[in-house]
Amino acid sequence: MMESNLINWTLDNIGNQQRNGFTPPRDMREMISQIKALPPLPGSAMRILNLIGDPHADVAKLAEIIELDPLLTAQIIRWASSSLYGYRGKITTVHDAISRVLGFNFVLDLALGLAVLAPLKSPKEGQIGTRMFWTHALASTRLMSQLAAAMPETMRPSSQELFLAGLMHNIGFPLLGHRFPDEFNYLSGLINANPNLAIFNLENFAFGLNHTEIGAWLMNVWSMPRTITDIVYHHHNPCYRGEHHVLNLLTFYSDCLLGKLGIGDAANQACPDDVPTLLGLDEAVCERILDSQNDEISYILATAEQLTD
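All values reported here derive from a predicted model rather than from experimental measurement.

*Asks:* What is the right way to look at the overall build of the protein chain in this model?
*Replies:* The secondary structure content of the protein chain amounts to 17 helices and zero strands. Against the globule reference of 19 Å for 309 residues, the protein chain gives a C-alpha radius of gyration of 20 Å, in line with a compact fold. With respect to the three principal axes, the spread of C-alpha positions in the protein chain is 60 × 45 × 35 Å. By the burial criterion, 53% of the 309 residues in the protein chain qualify as buried. A separation threshold of at least 6 residues defines the contact pool for the protein chain, and within that pool the share at least 24 residues apart is 71%. Accessible area for the protein chain stands at about 13,900 Å²; split by element, carbon and sulfur atoms hold 52% of it. With 20 positive and 32 negative side-chain charges, the protein chain shows a separation of 6 Å between the mean positions of the two kinds.

Set out below in structure tokens:
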């Protein structure tokens, strides 16, 4: 009850300081129900999603898809030519960017993320801005793959599922910033004023719903695979035992671990002691895997910064 009272007091206090005529909704569901349309899923994103499920996917097929989108093509070539990678040759084609510099998996990750976020115009800064979205997404795809490799083979999700879950599970934050900018700014203020409270709880207290519900709404509108819609909706719930519960639990656990590094929205979220065991993981091994992420943090942060320039 003390935490509840504290949050309610802070909501009112911060609201008085930053509201400027804005009255935050205590339940956004009615607002959402009145929206007639959302930005459509870009065609390039749909083609990349289809490629992810193609057992014969290769560099040539990925390059062909990217080259159908001039903006995406320019972004990938610019990335490969960046000083971040230190490649001294001249990159003029997407195929060269993939095969010589960036690698297939990274470009797949990058291209899908850029394509999905293209229609969502959301603020860059803060704990729920697009820079943190990219930082978290890039860190998640790496950490989840490493954790999965340490799981019993019979429990291990597919690489395609891991990729989509890591990249997309926090898509609700960019949608919030795009469609509800006043609410996004209000939530950002609450997060800054309550650094020791879980963002997920602050959302629920402020709006009566959270980014998992908003994100799942977008996934349904975009007819995304059921697997990813379930993870977007349930990834803060370690008790979920539906069809994709192992992948969901792995996403939850990865978020908790990254929260220890100050990455993502789970920094103050409690992780039940039995989660590693339920995943067939040794906790000490997981901590070593997390420690190894420190070597990549500077690279991930630099990548996220360039992506949001």
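From this point, the discussion proceeds with the structure in view.
*Asks:* Honestly, the pattern of salt bridges in this entry has me stumped. Any pointers?
*Replies:* Where charged atoms from two side chains of opposite charge approach closely, those side chains can pair. Under the definition given, this model contains eight salt bridges. For E125, the salt bridge is made with R131, and the minimal N-O distance between the two is 2.9 Å. Of the residues examined, R131 reaches a relative accessible area of 24% and is grouped as partly exposed. For D230, the salt bridge is made with R226, and the minimal N-O distance between the two is 2.8 Å. Highlighted residues: D230 and R226, both in helix α14 (residues 226-234), separated by four residues, approximately one helical turn. For D230, a relative accessible area of 7% corresponds to the buried category. Look at R226 and you get exposed, because its relative accessible area is 57%. Within the structure, one salt-bridge network assembled from shared partners comprises K124, E125, R131 and E305.

*Asks:* Any chance you could explain empty space enclosed by the protein here in plain terms?
*Replies:* Gaps left between atoms are located by rolling a probe of water-molecule size over the structure's atoms. Taken as a whole and judged by the stated rule, the model has one cavity of 30 Å³ or more. Considered as a void within the structure, the largest cavity measures approximately 60 Å³ in volume. Here the lining of the largest cavity takes three residues from helix α8 (residues 130-149), the largest share from any one element. Considered class by class, the residues forming the lining of the largest cavity number four nonpolar, five polar and one charged.

*Asks:* Can you help me understand the nonpolar core in this one?
*Replies:* One finds L112, W134 and I171 to be the most contacted residues of the largest nonpolar core, which totals 98 residues. Other than its neighbours up to four places away in sequence, L112 contacts A45, I48, L49, I52, F163, L164 and L167.

*Asks:* How do you make sense of helix α3 (residues 43-52) when you look at a structure like this?
*Replies:* Think of an α-helix as turning once every 3.6 residues; residues three or four places apart then point the same way. What α3 keeps buried is the set S44, A45, I48, L49, L51 and I52. The buried residues of α3 occupy an angular sector of 160° when projected down its axis, which confines them to one face. In the core, the buried residues of α3 are packed alongside α4 (59-66), α5 (70-80), α7 (104-117) and α9 (159-168).

*Asks:* What exactly am I supposed to notice about the packing of aromatic side chains here?
*Replies:* Aromatic ring pairs are reported here in terms of the distance separating the ring centres and the angle at which the planes meet. Across all of its chains, the model carries six aromatic pairs by this definition. On the numbers, 6.4 Å between centres and 65° between planes, the contact of W79 with F106 is edge-to-face. Here W79, found in helix α5, pairs with F106, found in helix α7; they are 27 residues apart in sequence, far enough to count as distant. With respect to burial, W79 and F106 carry one shared label: buried.

*Asks:* Sorry, what's going on with the confidence of the model for the protein chain here?
*Replies:* Detailed conclusions should not be drawn from predicted coordinates in areas where pLDDT is low. When pLDDT is averaged across the protein chain, the result is 88; 91% of the residues are at 70 or more. Contacts of residues 1-7 to residues separated by more than four positions or lying in other chains number six contacts, the stretch itself having pLDDT below 50.

*Asks:* Where do I start with the side chain of R142 in this structure?
*Replies:* Topologically, R142 is positioned in helix α8. A distance of 3.0 Å separates a polar atom in the side chain of R142 from a polar atom in the side chain of E296. Setting aside anything within four residues of it in sequence, one finds R142 in contact with F106, Q293, E296, Y299 and I300.

*Asks:* It is not clear to me how the packing of α3 against α4 should be interpreted in this structure. Could you clarify?
*Replies:* Between two packed helices, what matters for the description is the angle formed by their axes and the separation of those axes. Remark: α3 packs on α4, axes separated minimally by 10 Å, with the N-to-C direction vectors making an angle of 170°. Considering their axes alone, α3 and α4 lie roughly antiparallel with respect to each other. Where α3 crosses over α4, the two elements pack in a sense that is right-handed. Here α3 contributes S44, R47, I48 and L51 to the contact with α4, which in turn contributes K61, L62 and I65. For the contact of α3 with α4, the per-class residue count stands at four nonpolar, one polar and two charged.

*Asks:* Would you mind going over helix α13 (residues 211-221) with me for this structure?
*Replies:* With respect to burial, α13 is a largely interior element, eight of its eleven residues being buried. Where α13 is concerned, the buried positions are H211, T212, I214, G215, A216, W217, L218 and M219. Following α13 by one or two positions, S223 adopts a phi angle in the positive range, close to 55°.

Criteria and thresholds
Residues numbered from 1 in each chain as written. Predicted model: local features only at pLDDT ≥ 70, side-chain atom pairs only at ≥ 80, totals over all residues. Heavy atoms only, no water. Helix = DSSP H or I, 4+ residues; strand = E, 2+ residues; numbered from the N terminus. Rg over C-alpha atoms; globule rule 2.2 N^0.38 Å. Buried < 20%, exposed > 50% of the residue type's maximum accessible area, 1.4 Å probe, protein only. Contact = heavy atoms within 4.5 Å. Areas by Shrake-Rupley, 256 points an atom, 1.4 Å probe, with all protein chains shown as cover. Lys, Arg positive; Asp, Glu negative; His and termini not counted. Charge placed at Lys NZ, Arg CZ, Asp CG, Glu CD. Salt bridge = Lys/Arg side-chain N within 4 Å of Asp/Glu carboxyl O. 1 Å grid on protein atoms, 1.4 Å probe; cavity = no way out; pocket = protein on both sides within 12 Å on 5 of 7 lines; lining within 4 Å. Points joined across faces, edges and corners; volume = space filled by probe spheres on them. Nonpolar A, V, L, I, M, F, W, Y, C, P; charged D, E, K, R; others polar. Core = buried A, V, L, I, M, F, W, Y, C linked by side-chain atoms within 4.5 Å. Arc of directions from axis to C-beta. Phe/Tyr/Trp six-rings, centres within 6.5 Å; stacked < 30°, edge-to-face > 60°. pLDDT = per-residue confidence, 0-100. Polar contact = N/O pair within 3.5 Å; in protein donor to acceptor, adjacent residues only side chain to side chain. Axes fitted to C-alpha atoms, helices over the stretch in contact; angles between N-to-C directions. Parallel < 35°, antiparallel > 145°, perpendicular 65-115°, else oblique. Left-handed = near helix turned anticlockwise from the far one by under 90°.

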